[in-house]
Amino acid sequence: MTDAIQRLAALQSRDLPVHGGRTLAYVYDSGDPEVDRVAREAVAAYAASNALDPTAFPSLLQMENELVGFACGLLDAPASAVGTVTSGGTESILLAVQGARDSRPDVVRPRMVLPATAHAAFHKAAHYFGVEAVLVPVGPDFRADAAAMADAIDDDTVLVVASAPSYAHGVVDPVTEIAAAAAARGIRCHVDACIGGWVLPYAARLGRPVGPWTFAVEGVTSISVDTHKYAYAPKGTSLLLHRDAALRKPQFFASATWPGYTMLNATTQSTRSGGPVAGTWAVVEHIGDDGYLALAERALAAVDAIVACIEGEPALRLVVAPDSTLVTLATDASCDPFTLTDELVARGWYVQPQLSFGDDGPTIHLSVSAGTHAHVEEFASALSDSVAAAQAAGPVAVDPGVVGFIEALDPTALGDDDFDGLLAASGLVGESADGELELPSRMAEVNAMLDVASPAMREALLVAFLDRLQRPVRRADR
């Protein structure tokens with residue numbers, strides 16, 4: 001047993017750090033070790049519990065209902081509101097789309113109207129549930145164009161979506177206008193507040209300008225908010241709230257058409273570990289409303305400091321002023337964005353590159369949390385040094401012949417051997433001397449090649465990449 005724990009620690013040493021405020025994507029750090037202690041103990045205590053049957057584990061039901069109640073207070077929910085604990089933002093979004101579809105059995109070919117900046121989870125929902133995604137271009141400020149979205153609504157539309165904020169740019173859509181257009185046609189309006197829902201209410205209380213987006217907006221029928229983000233809870237929980245129980249009802253699934261127990265589920269999952277639920281409940285209880293206000297103030301102060309760092313670097317520009325805790329920056333011609341990303345990572349700061357989309361070039365995304373606040377001076381120094389290093393290295397150029405070759409390829413016509421060659425040529429995968437898969441230590445050249453590929457080719461290459469990553473490991477000592 002000790003050997004297993006030691007090996008676990010050795011394996012984890014290769015991962016990004018989840019504490020210290022330097023990983024500006026994927027994880028959210030409160031900066032308080034006590035929060036982590038509370039979470040670990042609660043997860044461990046409930047790791048074997050199963051939220052499948054709320055009558056078997058009523059303590060989990062109580063915790064879920066209290067979490068929803070806390071969120072109702074944040075989101076200006078009416079007394080009629082109900083909610084469900086899910087496994088994450090994607091599941092909350094999937095259920096919002098599935099519920100909208102199933103609420104309209106009369107619509108043969110259901111559609112949902114999305115701003116082009118809506119999270120990719122809506123595209124996954126479209127793929128899974130056969131709901132056509134109608135993408136509407138956003139305005140120059142990267143916010144949804146409410147009038148264009150209203151024009152896109154038709155008799156087959158079952159859902160209209162807004163973001164609070166959008167992930168890629170960190171701005172809140174004009175929810176009032178979007179929800180009003182949906183309500184005028186009797187259509188559901190979902191607000192994706194997965195990343196902002198637990199911080200925007202506190203930002204408003206701190207006096208920062210936040211546009212209306214909660215259930216206080218007439219026409220908003222459901223909201224998703226992730227607790228594993230700015231509630232600083234363990235990974236594996238999100239909340240989906242509906243304005244009333246009738247709106248939630250199509251989300252439920254029951255089946256008695258087999259000889260076992262009657263299956264009854266509130267989410268896409270059946271068996272659900274009680275660990276994440278208990279961990280989330282314990283963290284929310286521990287931090288409390290006043291604690292979240294203080295954490296939001298710290299995170300937003302870190303955002304302000306990082307924005308000032310960006311504005312102080314002539315080679316950088318802020319893509320749009322952030323409404324919340326997400327910062328997006330771009331570079332000028334003297335500083336390659338993908339090289340800048342590598343340089344920041346090399347200095348211990350993980351930031352997320354975003355590839356070109358439409359007429360907009362590549363950008364760099366930062367999800368800032370409260371734990372970053374104590375380290376903003378270190379970030380400023382690392383950013384300045386990274387910009388200088390990226391400028392000295394020069395731009396990453398993709399050979400025009402390679403660009404032409406990639407543009408001419410049809411990803412649907414490529415086989416495994418073709419993808420193996422493309423992955424090797426791109427630098428995404430290689431093999432060590434003993435035949436093991438090796439990942440690149442720097443990603444600038446890889447990202448530059450992906451950046452010139454079409455979205456369809458990017459998807460195909462990365463699916464092939466994931467397929468090759470996820471292969472069995474047969475150990476000789478077993």
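Our structure's up above, just so we're on the same page.
Please read all numbers here as calculations on a predicted model, not as lab measurements.

A.B. asks: So what's going on with helix H7 (residues 175-184)? Which residues, and what values?
C.D. replies: Listing the buried residues of H7 in full gives Val-175, Ile-178, Ala-179, Ala-181 and Ala-182. End-on, the buried residues of H7 take up no more than an arc of 160°, which puts them together on one face. Considering only its buried residues, H7 is in contact with helix H6 (146-152), strand E4 (157-163) and strand E5 (188-192). Just downstream of H7, Gly-186 is the residue with a positive phi angle, here 70°.

A.B. asks: Break down the sheet that holds strand E12 (residues 352-354) for me, with residues and values.
C.D. replies: Judged by pairing direction, the sheet is antiparallel, and its four strands sit side by side in the order E10-E11-E13-E12 without closing on themselves. Strand pairing shows two members of the sheet lacking a second neighbour, strand E10 (316-318) and E12, which therefore form its edges. The average undirected angle you get between the axes of adjacent strands in this sheet is 35°. With three bridges connecting them, E10 and strand E11 (residues 326-331) associate as antiparallel partners. Bridge pairing in E11 places Leu-318 opposite Leu-329.

A.B. asks: Break down the sheet that holds strand E3 (residues 132-136) for me, citing the residues and quoting the values.
C.D. replies: The strand order across the open sheet built from seven strands is E1-E7-E6-E5-E4-E2-E3, with neighbouring strands paired in mixed fashion. Only two strands of the sheet have a single neighbouring strand rather than two, namely strand E1 (82-86) and E3. Averaged over all adjacent pairs, the angle separating strand axes in this sheet is 20°, with direction ignored. By the bridge criterion, five bridges tie E4 to E5 in an arrangement that is parallel. The residue bridging Ala-162 from the neighbouring strand is Val-191, located in E5. Along the sheet, helix H3 (residues 58-74) makes contact with E1 and strand E7 (238-242), crossing E7 at roughly 65°.

About the thresholds
Residues numbered from 1 in each chain as written. Predicted model: local features only at pLDDT ≥ 70, side-chain atom pairs only at ≥ 80, totals over all residues. Heavy atoms only, no water. Buried < 20%, exposed > 50% of the residue type's maximum accessible area, 1.4 Å probe, protein only. Helix = DSSP H or I, 4+ residues; strand = E, 2+ residues; numbered from the N terminus. Arc of directions from axis to C-beta. Contact = heavy atoms within 4.5 Å. Pairing = 2+ DSSP bridges. Axes fitted to C-alpha atoms, helices over the stretch in contact; angles between N-to-C directions.

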